[in-house]
Amino acid sequence: MNNEKRTKIVLGILFVALLITGGLPLWKHRRFRTPVVAGPGVTRVIRLSDYLPSLKGSVADTDVFVLEGKEPGGKALIMSGTHPNEPAGTLSTILIIENATVEKGTLYIIPTFNVSASRETKPGDGYPLYFDIPTSWGAKRFRMGNRDASPLEQWPDPDVYVHYPEKQLLSFLDIRNTNRTWPGRPNGLLMERVTFAAMELMRKNEVGVAVDMHGAETMFPVTNCIVAPEKSAKIATIVSMTVKAMEGFDNHVEPSPENFRGLSHREIGDYSDAYPFLLEAPIPFLDQPTGPKTEKLMLDGKDPFLLSLAKKKRLFVPYDESGWPMDKRVGQHMSVLLEILRQYSKKFPEKAIRMSGVPRYAEIVKNGSGFYFHDPVQADPKSIYEE
Ligand SMILES: [Zn+2]
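This structure is a prediction, so every number in the text was calculated from the model and none was measured. (Residues numbered from 1 in each chain as written. Predicted model: local features only at pLDDT ≥ 70, side-chain atom pairs only at ≥ 80, totals over all residues. Heavy atoms only, no water.)

Peer 1: Help me understand the coordination of the zinc ion, please; the structure alone is not making it clear to me.
Peer 2: Tetrahedral coordination by four donors places them ideally at 109.5 degrees to one another around the metal; octahedral coordination by six donors ideally gives 90 or 180 degrees. Looking at the zinc ion, one finds its protein donor set to be H83 (ND1), E86 (OE), E86 (OE) and H214 (ND1), positioned 2.0 to 2.6 Å from the metal centre. Note that the zinc ion binds 4 donor atoms; their angles at the metal cover 55 to 151 degrees, and the shape is irregular. Counting gaps between the donor residues of the zinc ion yields the pattern H-x2-E-x127-H. A residue pair is termed long-range when its members are at least 10 positions apart, and H83 in the loop between β4 (71-79) and α2 (88-99) and H214 in strand β10 (residues 209-216) qualify at 131 residues. (Donors = N, O, S within 2.8 Å, 3.2 Å for Na, K, Ca; no water. Tetrahedral: all angles 85-135°; square planar, octahedral: opposite > 155°, others 65-115°. Helix = DSSP H or I, 4+ residues; strand = E, 2+ residues; numbered from the N terminus.)

The following block contains the structure:
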């Protein structure tokens, strides 16, 4: 064997070894599932494809947990994982699914709205693949996701994304962003079909409230807030004032601009009878000028660079050495959601929605989110769903 041939074989082996060591963790991440224990309030688990059969069998299909009260009342859709790199919402919806009991009305809960985006991450940006939430029975592990659906599932991107049906020109990337593809269309690209199916769920069930849970950078003005269009603004304002007065945290109201299309807080209101609300909890992990994007930063939100920017008044949220921990973000989501449902029920008593068994801000900050998750090993196997 001459030297050249030997070099080629060695390089070939090195290449395959690199491919396996680099690719295997990503392959495993795509296949990792978090078990969710359907709690006492879950009466049915349906699929998003029940509202658009073409989603069946695709990666975009997802679980819809239905919690029906004994008394009829109003209906709400609660979504998380529109952007799976903003996971406080996912923790909040799973917390409701595992613990809530609904007395009046119906909740539809979609914990993993953009499944494709939840199965990839940003290794190029050094994102962790997972994060663990401590519980009394061990760590509950979650996949860290990405903002947009994977090109593995929706490809190629157009040069310019022409929003349907408003025809606004948007960035090509946003065709894979399920917070730009509302209200969607039945024969569109995969993410347009995901949002269309959710619109159909709302229209066919006469859903009155839609809450979409997100997180946003501390350096971005639309953070630590409730985004609401005109029709939801009054309820959002009362909610903002109530949580401030009763629970002591800020959550201001941001208007949903009429000329910025494709967003849930805009299109759900325009294309259905539902009152939409988008919740933004501050997430320092997503800010650009931070240290390494570690699991620790994702969970505690403590960063020295953001701290020095806070001292220069460059952040849009209060920020000190305590960072912005996950439990605080989950707590805010829960209290704001519960307050939205309470205020909606006051405004429309015949369409009231009442649930119990779920904690609010102070309890979650005190006990930690993990306190409320159930051990899947101890649970009835029939009650376990994989997200
Ligand atoms: Zn988001």
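Right, picking up where we left off after that structure.
Peer 1: Even after reading the chapter, I still don't get helix α9 (residues 326-347), so can you show me in this structure?
Peer 2: For α9, which comprises 22 residues, the first-to-last C-alpha distance of 32 Å matches the rise-based estimate of 32 Å (1.5 Å per residue) to within 8%. Of all 22 residues that make up α9, 17 are buried, and the element is covered over most of its length. (Expected span 1.5 Å × (residues − 1). Buried < 20%, exposed > 50% of the residue type's maximum accessible area, 1.4 Å probe, protein only.)

Peer 1: Looking at this structure, I do not really get the packing of aromatic side chains. What am I missing?
Peer 2: Aromatic rings in a pair are described by how distant their centres are and how their planes are angled relative to each other. According to the stated counting rule, one finds 11 aromatic pairs in the structure shown. Ring centres 5.3 Å apart and planes at 10 degrees place the aromatic pair F131 and F142 in the stacked group. Highlighted residues: F131 in strand β6 (residues 130-135) and F142 in strand β7 (residues 138-143), separated in sequence by 11 residues. Summarising the burial analysis for this pair, F131 and F142 share the class buried. Between the aromatic rings of F371 and Y372, the centroid separation amounts to 5.0 Å while the plane-to-plane angle is 80 degrees, which identifies the pairing as edge-to-face. The structure contains a cluster of three or more aromatic residues connected by ring pairs, namely F131, F142 and F373. Over the ring of F373 we find K140; its NZ or CZ atom is 5.7 Å from the centre of that ring. (Phe/Tyr/Trp six-rings, centres within 6.5 Å; stacked < 30°, edge-to-face > 60°. Lys NZ or Arg CZ within 6 Å of the ring centre and 35° of its normal.)

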